[in-house]
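Chain residues, written in single-letter form:
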Amino acid sequence: VHAISKADRRALEREVKVIRERLGAVEKQIGELEARLAEIGLALADPDLYRDGARAREIAEARRQAEEQVAWLMKEWEELSERLSTVAGSTGAEA
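Report on the accompanying structure. (Residues numbered from 1 in each chain as written. Predicted model: local features only at pLDDT ≥ 70, side-chain atom pairs only at ≥ 80, totals over all residues. Heavy atoms only, no water.)

**Focus on the overall build of the protein chain**
(1) Moving on: Looking only at helices and strands, the protein chain features 2 helices and 0 strands.
(2) Moving on: Computed over the C-alpha atoms, the radius of gyration of the protein chain is 20 Å, more than 25% above the 12 Å expected from 2.2 N^0.38 for a compact globule of 95 residues.
(3) Moving on: Over its C-alpha atoms, taken along the principal directions, the protein chain stretches across nearly 70 × 15 × 15 Å.
(4) Moving on: Out of the 95 residues in the protein chain, the part that is buried amounts to 22%.
(5) Moving on: Once local pairs closer than 6 in sequence are excluded, the contacts in the protein chain between residues at least 24 apart make up 69%.
(6) Moving on: Carbon and sulfur atoms make up 53% of the accessible area of the protein chain, which amounts to about 6900 Å² in all.
(7) Moving on: In the protein chain, 16 side chains carry a positive charge and 20 a negative one; their mean positions are 6 Å apart. (Helix = DSSP H or I, 4+ residues; strand = E, 2+ residues; numbered from the N terminus. Rg over C-alpha atoms; globule rule 2.2 N^0.38 Å. Buried < 20%, exposed > 50% of the residue type's maximum accessible area, 1.4 Å probe, protein only. Contact = heavy atoms within 4.5 Å. Areas by Shrake-Rupley, 256 points an atom, 1.4 Å probe, with all protein chains shown as cover. Lys, Arg positive; Asp, Glu negative; His and termini not counted. Charge placed at Lys NZ, Arg CZ, Asp CG, Glu CD.)

Structure (structure tokens):
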């Protein structure tokens, strides 16, 4: 185990704070998109929707876009979590 300087520790602690803030924002976005996907799922389950083909396609496209966004955000969340674990481990702080 090697000691790190106070300046390095402060820099790492700042990075941990930034990562945690971004993780929180990503988690919020994922939650909002998952709620939107649930709404879209309900809309798509309504047989009346399919009487309007253009509207049905629009909602199906919205679902595709939301699913794509969730996938990207999940990837970002995983990368941020790994980075947090690494950086927090360097400071001796908990991730």
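**Section: the environment of W77**
(1) Moving on: By the secondary structure assignment, W77 is in helix α2 (residues 53–91).
(2) Moving on: Of the residues examined, W77 reaches a relative accessible area of 32% and is grouped as partly exposed.
(3) Moving on: The spatial distance from the C-alpha of W77 to the C-alpha of V18 is 13 Å, given a sequence separation of 59 residues.

**Things to note about the pattern of salt bridges**
When charged atoms on two side chains of opposite charge get close, those side chains can pair.
(1) Moving on: Enumeration according to the criterion identifies 10 salt bridges in this entry.
(2) Moving on: R83 is paired through a salt bridge with E15; the nearest N and O atoms lie 2.7 Å apart. Note that R83 is positioned in helix α2 and E15 in helix α1 (residues 6–45), a separation of 68 residues in sequence.
(3) Moving on: The residue R51 makes a salt bridge to D48 at a minimum N-O spacing of 2.8 Å.
(4) Moving on: For D48, a relative accessible area of 42% gives the class partly exposed.
(5) Moving on: Within this structure, E61, R64 and E68 form a network of salt bridges that share partners. (Salt bridge = Lys/Arg side-chain N within 4 Å of Asp/Glu carboxyl O.)

**Overview of α2**
The periodicity of an α-helix, 3.6 residues per turn, causes residues three or four positions apart to be oriented the same way.
(1) Moving on: With 39 residues, α2 ought to run about 57 Å at 1.5 Å a step, and its terminal C-alpha atoms sit 56 Å apart, in line with that.
(2) Moving on: Turning to α2, its buried residues number three or more, namely A56, I59, A66, V70, L73, L80, L84, V87, A88 and T91.
(3) Moving on: Those residues of α2 hidden inside the fold are in contact with α1. (Expected span 1.5 Å × (residues − 1).)

**Quick look at the packing of α1 against α2**
(1) Moving on: Between α1 and α2, the shortest axis-to-axis distance is 8 Å and the interhelical angle comes to 160°. On the basis of the axis angle, α1 is roughly antiparallel to α2. Here α1 and α2 pass one another in a crossing that is left-handed. (Axes fitted to C-alpha atoms, helices over the stretch in contact; angles between N-to-C directions. Parallel < 35°, antiparallel > 145°, perpendicular 65-115°, else oblique. Left-handed = near helix turned anticlockwise from the far one by under 90°.)

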